[in-house]
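Structural overview for review
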Amino acid sequence: MRRTVFNEDHEAFRETIRAFIEAEVVPVYDEWFAAGQAPRDFYYKLGDLGIFGINVPEEFGGAGMDSHKFEAVLYEETARAGVQFGGSGVHVLLALPYIRMLATDEQKKRFLPKFVSGEEMWAIAMTEPGTGSDLAGMKSTAKLSEDGSHYVLNGAKTFITGGVHADKVIVCARTAAPTAEDRRHGISLFAVDTKSEGYSVGRKLDKLGLRTSDTAELAFVDVKVPVEDLLGEENKGFSYLGHNLASERWGIAFGAYAQAAAAVRFAKQYVQERTVFGKPVAHFQNTKFELAACQAEVDAAEAVADRATEALDAGELTPAEAASAKLFCTEVAHRVIDRCLQLHGGYGYMNEYPIARLYADNRVNRIYGGTSEVMKMIIAKNMGL
């Protein structure tokens, strides 16, 4: 079936990205994988390419688009090549919506030009060692100084993607205690400069997958955050976090679909080249049936991902619809990638083959952005159950 989600501009962008990946990423990707992160200067190349400014207003150096379809092309092309752009996805998909939604004009003038160029990379710090999905249980605090000029930030965060290279981090912290009626009350968001005294990066976490994206633990000891760097209104942070969850879950859903499609491509190529018992693996009926079943699942996931993309661009993607798309696409990707790895036999377990890396990278999709179990709770609640 012909897809209608992309137009000529998106396809031209696809050609540019595919050429960039072949020239700038594929030749050095094994080095990034071994190092456990992309080099910092790579993000300047993404800035020069215009990746970071697609959805940034023109007055701040961006392209002024208001669409997630270019991001969707990025998901497809990086998955197709079996690579990642380090921790840059957080910079665009997670941090930018908060800046666009909450920053004052003065803050946008300070933040966005360097955001677009890659001079300042952003991350977002929500999760804490003892909270996980329960963001209302966070313990980090930001207390206003006596003279009202700054907040004093204390606490710790973990699983912060982009945390090693980040120059700015949107930190969620308590500015007031929760109330008996609402334990989510009292959370605020801050744009924290990582060069601030008392700010420190702990371990770069050793992850199962997503090896080229730096993920870290962060600690704050009496970090002074100017009041000018409060994002939005004090104590309303939890509602802001909920507002952007739909776009975050869309990104995970679309990325998972793209990974599943890439897995079928990798497996198809492998079984056509690999010979057993004197015949290509593709010759056997089981191979054909397995790949046919995988392709059918990918087709369904593509339809769900495309529908969610259109709804998100139209401002109509509901939390329940985003949860449904994430649940479906990530579960499809789990099944498809596993079956495609099986078709590789023992070689599928070797990291030199993209299917092995894809298998590890995909696993977190059913955990971050809300686990599959949380997605089911959201969907069930929307059903009136």
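Everything below is about the structure printed above this text.
Let us look at the structure shown here. Predicted, not measured: the structure shown is a model, and the values here were computed from it. Within each chain, residues carry numbers counting from 1 in the order of the written sequence. With pLDDT at 70 or above as the cut-off, local features in this predicted model cover only qualifying residues; side-chain atom pairs require 80 or more to be listed or tallied, and sums for whole chains, interfaces and linings still use all residues. As a rule here, side-chain values come from all non-hydrogen atoms in the structure, and water together with hydrogens is ignored.

Quick notes on the overall build of the protein
Helix and strand counts for the protein stand at 12 helices and 10 strands. Throughout, the radius of gyration refers to the C-alpha atoms, and the reference size of a globule is 2.2 Å times the residue count to the power 0.38. Computed over C-alpha atoms, the radius of gyration of the protein comes to 21 Å, within 12% of the 21 Å expected from 2.2 N^0.38 for 385 residues, which places it in the range of a compact globule. Dimensions of the protein, computed from C-alpha atoms along their principal axes, come out at roughly 80 × 50 × 40 Å. Burial statistics for the protein: of 385 residues in total, 52% are counted as buried. Across the protein, every contact between residues at least 6 apart in sequence was considered, and the portion connecting residues at least 24 apart equals 75%. Accessible areas in this description were obtained via Shrake-Rupley with a 1.4 Å probe; residue shielding takes into account the shown protein chains only. Roughly 18100 Å² of accessible area belongs to the protein as shown, and the carbon and sulfur atoms make up 53% of that amount. Secondary structure follows DSSP: runs of H or I at least 4 residues long count as helices, runs of E at least 2 residues long count as strands, and numbering of each begins at the N terminus. When a residue's accessible area, from a 1.4 Å probe over protein chains only, is under 20% of the maximum for its type it is buried; when over 50% it is exposed; and in between it is partly exposed. Here, two residues are considered to be in contact whenever any of their heavy atoms come within 4.5 Å of each other.

A look at the state of the cysteines
A disulfide bridge is the covalent bond that connects two cysteines by way of their sulfur atoms. We call a pair of cysteine sulfur atoms a disulfide when they lie within 2.5 Å. Evaluated as defined, the whole model comprises 0 disulfides. In this structure C294 is not part of a disulfide, and its nearest cysteine sulfur, from C340, lies 4.2 Å away. The exposure class of C294 is buried, given its relative accessible area of 0%.

Remarks on helix 6 (residues 105-117)
For helix 6, built from 13 residues, the straight-helix expectation of 18 Å at 1.5 Å per residue is met to within 8% by its first-to-last C-alpha distance of 19 Å. Two axes are fitted around each residue, one to the seven residues ending there and one to the seven starting there, and the angle between them is reported as the bend at that residue. Residue F111 marks the point of greatest curvature in helix 6, where the axis turns by about 30°; the proline P113 follows within four residues. Of the residues making up helix 6, those classed as buried are Q107, K108, F111, L112, F115 and V116. At its buried positions, helix 6 is contacted by helix 3 (40-49), helix 5 (88-102), strand 1 (122-125), strand 4 (168-174), strand 5 (187-193) and strand 8 (230-231). Looking one or two residues past helix 6, G118 carries a phi angle of roughly 90°, positive in sign. A helix is expected to span 1.5 Å for every residue after the first.

Focus: the environment of Y257
Structurally, Y257 can be placed in helix 8 (residues 245-273). Judged by relative accessible area, Y257 falls into the buried class, the value being 4%. Excluding residues that lie within four positions of it along the chain, Y257 makes contacts with R3, E76, V298, A301, E302, A305 and C329. Within the structure, the side chain of Y257 is placed 3.2 Å from the side chain of E76, a separation counted as a polar contact. Polar contact is the term for a pair of N or O atoms within 3.5 Å; when the atoms are in protein, one must be able to donate a hydrogen and the other to accept it, and sequence-neighboring residues count only if both atoms are side-chain atoms.

Focus on the packing of aromatic side chains
Pairing of aromatic rings covers Phe, Tyr and Trp, the last through its six-membered ring, and needs centres within 6.5 Å; plane angles under 30 degrees mean stacked, over 60 mean edge-to-face, and all others mean tilted. Counted according to the given criterion, the structure contains 16 aromatic pairs. With centroids separated by 6.4 Å and ring planes inclined at 35°, the aromatic side chains of Y75 and F254 adopt a geometry described as tilted. With a gap of 179 residues between them, Y75 in helix 4 (residues 69-81) and F254 in helix 8 connect regions that are remote in the sequence. Classification of F254 as buried rests on a relative accessible area of 0%.

Focus: a nonpolar patch on the surface
Here, patches come from residues exposed beyond 30% relative accessible area and free of salt bridges, joined within 9 Å for like charges and within 5 Å for nonpolar side chains (Val, Leu, Ile, Met, Phe, Trp, Tyr). Within this document, salt bridges are pairs made up of a side-chain nitrogen of Lys or Arg and a carboxyl oxygen of Asp or Glu, the two lying within 4 Å of each other. Together, Y347, Y349 and M350 make up an exposed nonpolar region whose accessible area comes to about 360 Å². Tracing the chain through its elements places M350 in the loop between helix 10 (319-343) and helix 11 (354-362). Residue class for M350 comes out partly exposed when judged on its relative accessible area of 36%.

Considerations on the nonpolar core
Residues belong to one nonpolar core when they are buried, are Ala, Val, Leu, Ile, Met, Phe, Trp, Tyr or Cys, and are joined through side-chain atoms within 4.5 Å. The biggest cluster of nonpolar side chains holds 109 residues, and the ones touching the most others in it are V25, F42, L153, L189, V336 and C340. When residues in this core are grouped by element, the largest group, 15 residues, is from helix 8. If we skip the residues at most four places from it in the chain, C340 touches A263, V264, A267, L291, C294 and I355.

Digging into the side chain of E248
Within the secondary structure, E248 is located in helix 8. Working convention for charge: Lys and Arg count positive, Asp and Glu count negative, and His plus the chain ends are omitted. Put simply, E248 is tucked away with no salt bridge, and the nearest opposite charge, on R249, sits 6.2 Å away. The contacts of E248, once residues within four sequence positions are left out, are L93, L94 and G369.

A look at the side chain of S88
Position of S88 among the secondary structure elements: in helix 5. Relative accessible area serves as the criterion here: at 7%, S88 is assigned to the buried category. Reaching out from S88, the side chain makes a polar contact with the backbone oxygen of F85 at a distance of 2.7 Å. If we ignore the near neighbours within four places in the chain, the residues touching S88 are Y43, L46, F52 and M121.

Looking at the packing of helix 8 against helix 9 (residues 285-313)
Two numbers describe a pair of packed helices, the interaxial angle and the distance between the axes. Remark: helix 8 packs on helix 9, axes separated minimally by 9 Å, with the N-to-C direction vectors making an angle of 155°. In terms of orientation, helix 8 and helix 9 fall into the roughly antiparallel class. The way helix 8 lies across helix 9 gives a crossing that is left-handed. Together, S247, W250, F254, Y257, A260, A261, V264, A267, K268 and V271 of helix 8 and T287, L291, C294, Q295, V298, A301, E302, A305, D306, A308, T309 and L312 of helix 9 make up the contact between the two elements. Under this grouping Gly is polar, as are all residues other than the nonpolar Ala, Val, Leu, Ile, Met, Phe, Trp, Tyr, Cys and Pro and the charged Asp, Glu, Lys and Arg. Per-class residue counts for the contact of helix 8 with helix 9 are 15 nonpolar, 4 polar and 3 charged. To get an axis, a line is fitted to the C-alpha atoms, and for a helix only the part in contact is used. The angle between two axes follows their N-to-C directions and goes from 0 to 180 degrees. Every angle not falling under 35 degrees, over 145, or within 65 to 115 is termed oblique; those three ranges are roughly parallel, roughly antiparallel and roughly perpendicular. Should the near helix be turned anticlockwise from the far one by less than a right angle, the crossing is termed left-handed; should it be turned clockwise, right-handed.

Description of the pattern of salt bridges
Going through the model one piece at a time under the given rule, you end up with 24 salt bridges. The shortest N-O distance in the salt bridge between R14 and E11 comes to 2.9 Å. Of this pair, R14 and E11 both sit in helix 1 (residues 8-25), separated by 3 residues, roughly a single helical turn. Take E11: its relative accessible area is 33%, and that puts it in the partly exposed class. Overlapping salt bridges, with partners in common, bring together R3, E11, R14, R18, E76, E77, E302 and D306 in one network.

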